[in-house]
Amino acid sequence: MYVESSKGKIRRLWDFHGGLHLPDNKRQSLQTDLTSATMPARLILPLRQHIGESAIPLVKPGDRVLKGEKIADNTAPVCAPIHAPTSGIIKGIEAHPIPHPSGLNGPAIVLEVDGKDEWADLPAPINDFQNVDKSLLLQRVRESGIVGLGGATFPAAIKLNPGKAIKTLIINGAECEPFITCDDRLMQGAPDRILNGARILQHILGAEECLIGIEDNKPDAISTLRSHLTDDDSIEVVRIPTLYPSGGEKQLIRILTGQEVPSEGLPAQLGVICHNVATAAAIADAVLEGRPLISRLVTLTGEGIANPCNMEVPLGITAADLIEQTGGYTGKSSQLIMGGPMMGFNLSTDQVPITKGSNCLLAPSEEEVPTTGSALACIRCGRCAEVCPVNLLPQQMYWFSRAKELEKVQDYNLFDCIECGCCSHVCPSHIPLVHYFRFAKTESWAKEKELQAADHAKKRHDFRIARLERLDAERKARLRKKKENLGKKKPVKPAAKGEDAKKAAIEAAMKRAAAKKAAQQSPPKNTDNLTPAQQKQLDAVDKHRAETTADQE
Ligand code: SF4
Ligand code: SF4
């Protein structure tokens, strides 16, 4: 189909497979103006508020912190820091119920609010963003703790550094989940923040065009944004048909560009990057005002809530505090859902805090969102496959998930499932298909981690063995060399010559000493030193003695 975009241009739109026309139930929360929540007495700030590594506390109990001060961060590549939403004292860092389908507790920083709302020194605004180094803008987005606010919670700075040329920036204003209207309210109330954010994103990515896709059930948002567009021809507001899940990243890319993101691939491969409208507004706040992400818009709705509305709320306020501020519960609901009825999850307690990814608190009546009865056997009707927007085979994935044959589920592209819930919604047997797929994903990740851990341990073991073998070989080589050197020393003549000379010198010295000693021990004879006359006499005596001895014989 073809539509006219904001610039009077005719744009072609494409269909995606499956999808559902759902009663949107958005009217309820749009009847009142946007308000701001009152700051509660304490805030609970979970350390994991994004996809990636948990943040690590930079504060300790007893510390006083100021509004906007960074209180947790991590040097891991995929992480976003956390900032204090107001001033106060850190009361503790402890396990607390967090908004997660598991219902388990998680570590969180507890901030006791001091009521002064005193700001920390914020980084200087970068108004001239088109003339600064892009790395400075990326650093600002990262340091401001901005994550995908449409619910994906992926750190925004990483998505802005795709390492590929980007042609098209898509700003996602589709908000296709029934009941949720916070993006709609933002588009109507803060169009300039969104458009400024879009310009900053476009500049960082170097994208030649920016398309803001909005479903046609939000006419006020479309007209407001269009009326605030200046003469910048590169940004277009495109009205798209209302069909769940048009707000899914891959589906919106397909609708606006006709391109299919490949299985397990990323939009950047197609030269496309997609960001939510609220993320764009947060990026504008960070760059143009130096303000970190410390609050967000939340829809409170459903017949179980006294006054459905949208509120700007500080991160860390509990669902209970927030619902209390809107007038409390009506008693018409038996469930409290975080998110929408299709992709949200049931909360086991309202003591969980609002985090960066919390876009809605829904307390629906039984008519609004029926609680599904017991699941029946699959009748192989194939309806789940008909509605799947990713063209998967949910029925087959269900069998293998149920049998815990994880590799086979992955063969059916489990990780392409966007958990939209279309299959579960239409299943006549009320099989909670998407729960099986979430379970299979979690199990696969756990198994993958186990394999990685085992692989790591094996590598360490092999490395140790190799190191010991090397040390042993080196020791043996040293010994061998030593032996060889010893063997070579015997025939070395210069050394032998030296030894002989030394020996001869010693013998000569000994002889001299013996001679000297002998000379000293012999007394002088009376025949020594005779005169010639004396010698003559002595010779005559010796002659006579010799003649006498001869006669006697
Ligand atoms: S919709 Fe339900 S019953 Fe029908 S094939 Fe899928 S899982 Fe089976
Ligand atoms: S939840 Fe997954 S399998 Fe089911 S319709 Fe959505 S994408 Fe398809």
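Being a predicted model, the structure only gives us computed values, none of them experimental. (Residues numbered from 1 in each chain as written. Chains lettered and ligands numbered in written order. Predicted model: local features only at pLDDT ≥ 70, side-chain atom pairs only at ≥ 80, totals over all residues. Heavy atoms only, no water.)

1. Some thoughts on the site of ligand 2
Move 1: Around ligand 2, a shell composed of 13 residues is seen, among which Cys-388, Cys-417, Cys-420, Gly-421 and Cys-423 lie nearest.
Move 2: When contributions to the shell around ligand 2 are tallied by element, the ones reaching two or more residues are α12 (422–426) and α13 (433–489).
Move 3: Grouping the amino acids of the shell around ligand 2 by side-chain chemistry returns eleven nonpolar, one polar and one charged. (Near = heavy atom within 4 Å. Helix = DSSP H or I, 4+ residues; strand = E, 2+ residues; numbered from the N terminus. Nonpolar A, V, L, I, M, F, W, Y, C, P; charged D, E, K, R; others polar.)

2. Brief notes about the packing of aromatic side chains
Move 1: If you walk through the whole model with that rule in mind, you get four aromatic pairs.
Move 2: With centroids separated by 5.0 Å and ring planes inclined at 80°, the aromatic side chains of Tyr-398 and Tyr-436 adopt a geometry described as edge-to-face. With Tyr-398 in helix α10 (residues 394–402) and Tyr-436 in helix α13, this pair connects stretches of sequence that are 38 residues apart.
Move 3: Judged by relative accessible area, which is 4%, Tyr-398 ranks as buried.
Move 4: What links up through ring pairs into an aromatic cluster is the set Tyr-398, Trp-399 and Tyr-436. (Phe/Tyr/Trp six-rings, centres within 6.5 Å; stacked < 30°, edge-to-face > 60°. Buried < 20%, exposed > 50% of the residue type's maximum accessible area, 1.4 Å probe, protein only.)

3. Section: the packing of helix α3 (residues 182–189) against helix α4 (residues 191–205)
Move 1: In the contact formed by α3 and α4, the axes pass within 5 Å of each other and the chain directions differ by 95°. Overall, the two elements α3 and α4 adopt an arrangement that is roughly perpendicular. On the side of α3, the interface is formed by Leu-186, Met-187, Gln-188 and Gly-189, while α4 contributes Pro-191, Arg-193 and Ile-194.
Move 2: The residue makeup of the contact of α3 with α4, split by class, is four nonpolar, two polar and one charged. (Axes fitted to C-alpha atoms, helices over the stretch in contact; angles between N-to-C directions. Parallel < 35°, antiparallel > 145°, perpendicular 65-115°, else oblique. Contact = heavy atoms within 4.5 Å.)

4. Things to note about the pattern of salt bridges
Move 1: Taken as a whole and assessed by the stated rule, the structure comprises 21 salt bridges.
Move 2: Between Lys-60 and Asp-63 there is a salt bridge, with the nearest N and O atoms lying 3.2 Å from each other. (Salt bridge = Lys/Arg side-chain N within 4 Å of Asp/Glu carboxyl O.)

5. Considerations on the nonpolar core
Move 1: In this structure, Ile-146, Leu-160, Ile-171, Ile-194, Ile-212, Leu-225 and Ile-283 are the most contacted members of the largest nonpolar core, which totals 54 residues.
Move 2: Sequence-distant contacts of Ile-171, that is, excluding residues within four places in its chain, are made with Ile-194, Ala-198, Leu-201, Cys-210, Leu-211, Ile-212, Gly-213, His-275, Asn-276, Val-277 and Ala-280. (Core = buried A, V, L, I, M, F, W, Y, C linked by side-chain atoms within 4.5 Å.)

6. Side note on the environment of Gly-68
Move 1: You can see Gly-68 is positioned in the loop between β6 (64–65) and β7 (70–73).
Move 2: For Gly-68, a relative accessible area of 10% corresponds to the buried category.
Move 3: Filtering out sequence-adjacent residues up to four positions away, Gly-68 remains in contact with His-83, Ala-84, Trp-119, Ala-120, Leu-122, Pro-292 and Ile-294.

7. Digging into the sheet that holds strand β11 (residues 168–173)
Move 1: The strand order across the open sheet formed by four strands is β13-β12-β11-β14, and the pairing between neighbours is parallel. Each edge of the sheet is formed by a strand with only one pairing partner; in this case those strands are β13 (235–240) and β14 (272–276). Each neighbouring strand pair of the sheet contributes to a mean axis angle of 25°, computed without reference to strand direction.
Move 2: In this sheet, β14 lies alongside β11 in parallel orientation, the contact comprising five bridges. Bridging from a neighbouring strand, Ile-171 pairs with His-275 of β14.
Move 3: Across the sheet, α4 is in contact with β11, β12 (209–215), β13 and β14; its angle to β11 comes to roughly 155°.
Move 4: Sitting on the sheet, helix α7 (residues 277–289) is in contact with β11 and β14, with an inclination near 85° to β14. (Pairing = 2+ DSSP bridges.)

8. Overview of the site of ligand 1
Move 1: The environment of ligand 1 is formed by Cys-378, Ile-379, Arg-380, Cys-381, Gly-382, Cys-384, Gln-395, Cys-427, Pro-428, Ser-429 and Leu-433.
Move 2: The residue makeup of the shell around ligand 1, split by class, is seven nonpolar, three polar and one charged.

9. A word on the side chain of Thr-299
Move 1: Here Thr-299 is to be found in strand β15 (residues 295–301).
Move 2: Given the relative accessible area of 0%, Thr-299 is considered buried.
Move 3: Here Asn-310 takes part through its side chain, which lies 2.6 Å from a polar atom of the side chain of Thr-299.
Move 4: In contact with Thr-299, not counting residues within four places along its chain, are Ser-29, Phe-179, Ile-180, Thr-181, Cys-182, Cys-309, Asn-310, Asn-359, Cys-360 and Leu-361. (Polar contact = N/O pair within 3.5 Å; in protein donor to acceptor, adjacent residues only side chain to side chain.)

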